[in-house]
Amino acid sequence: AIKMLCFNAALLGNSCRFIAKPCAINLGIQDSGPHRAQPNAILEKVFTSITKSPDAKRLEGLSKQLDWDVRKIQRWFRHRRNQDKPTTLTKFCESMWRFTFYLSIFFYGIRFLWTAPWFWDTRQCWYNYPFQPLTSRLYYYYILELAFYWSLMFSQFTDIKRKDFLIMFVHHLATIGLITFSYMNNMVRVGTLVLCLHDASDFLLEAAKLANYAKYQRVCDAFFMLFGVVFIVTRLGIYPFWILNTTLFESWELIGPYPSWWLFNGLLVTLQVLHIIWSYLIIRTASKALVRGKVSKDDRSDVESSSEEEDVTSNSTKGVFSTSSNGSNRLNGHVAGGQWTGE
């Protein structure tokens, strides 16, 4: 898994450099960051050592010390925060990497599972358990997925901290735990079904992000709506009635309550709870945009104002895909709080 993680990192770097970046430039996406803050040693020291978002009392103190207007200091901190955020080009490259991975691994999984007997009859997941062969194709499928989710876990700590940090941490932890646990206990048959099902909608979301960064709004909205439909059908329909049915009931019937049954199903149910939360947020976001009639009339900004006063004064029209460079509402790459969430 460590070797595959390093391979993923190397592949990410090469794909961004030789494929994604030229594509972005051809689409007119420039490698230009937000407005840089005016150099100021005192404010820089406060920003790096004390706080990135000073309160009213500290703003008043800095205003007297520098003989600056409070609004000017607020604006400086906003610009300084935006300096650390990734550019649209960087976000485009990352989304293209994830899109490529999700699409490739999904079709690999479908091709592999199409000839697997347990894909058509889930009871086959438990026949002769735990004495089921581990083929090389199944092994590499598992290791690739595990390495990819480990990379997402690590990047969560190096990226700008997001509002959904905790729920994303729980999701990655549950996913990595499931992949590792199922592999160690040779539950790889049902594990492949879970992996393939989860990959079915993720590449659509990344495609919507790519269109969003390139400012193809209608394409972006179409991909998002398709993503929402596929996500809800797979996570709220197929997952509980196909996956949870076999892990909760068919496994109990065929091999009994094995020692790890409770932990395994507990992790799967945890994922289902997260599916419900994300589905609600997706439906709420899409319905608000449809009611307002602004799905394809989006006035977006590549850099979202971080300070409260700027959030109020720059409250421009936002549809489903209002880009935020810090991705503050991102939920497993999904939408939340009525905003499109860029990486």
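Remember, it's a predicted structure, so these values are computed and weren't measured experimentally. (Residues numbered from 1 in each chain as written. Predicted model: local features only at pLDDT ≥ 70, side-chain atom pairs only at ≥ 80, totals over all residues. Heavy atoms only, no water.)

Focus on the pattern of salt bridges
Then, number 1: In the structure shown here, the tally under the stated rule is four salt bridges.
Then, number 2: Across the pair D202 and R235 runs a salt bridge whose closest N-O atoms are separated by 3.5 Å. Within this pair, whereas D202 is found in helix α9 (residues 188–213), its partner R235 is found in helix α10 (residues 217–255), the two being separated by 33 residues in sequence. Side by side, D202 and R235 carry an identical accessibility label, which is buried.
Then, number 3: Its salt-bridge partner being E206, residue K209 comes within 3.7 Å of it at the nearest N-O pair. Residue K209 and its partner E206 are located together in helix α9, separated by three residues, close to a single helical turn. For the residue pair K209 and E206, the accessibility class agrees, reading buried in each case.
Then, number 4: One network of salt bridges, in which partners are shared, links R98, E206 and K209. (Salt bridge = Lys/Arg side-chain N within 4 Å of Asp/Glu carboxyl O. Helix = DSSP H or I, 4+ residues; strand = E, 2+ residues; numbered from the N terminus. Buried < 20%, exposed > 50% of the residue type's maximum accessible area, 1.4 Å probe, protein only.)

Focus: empty space enclosed by the protein
Then, number 1: Considering all chains together, one arrives at two cavities of 30 Å³ or more under this definition.
Then, number 2: Roughly 130 Å³ of volume is contained in the largest cavity.
Then, number 3: Lining the largest cavity are 15 residues, with L178, I179, V194, L195 and L271 positioned closest to its centre.
Then, number 4: Of all the secondary-structure elements, those providing two or more residues to the lining of the largest cavity are α7 (136–158), α8 (165–184), α9 and α11 (261–292). (1 Å grid on protein atoms, 1.4 Å probe; cavity = no way out; pocket = protein on both sides within 12 Å on 5 of 7 lines; lining within 4 Å. Points joined across faces, edges and corners; volume = space filled by probe spheres on them.)

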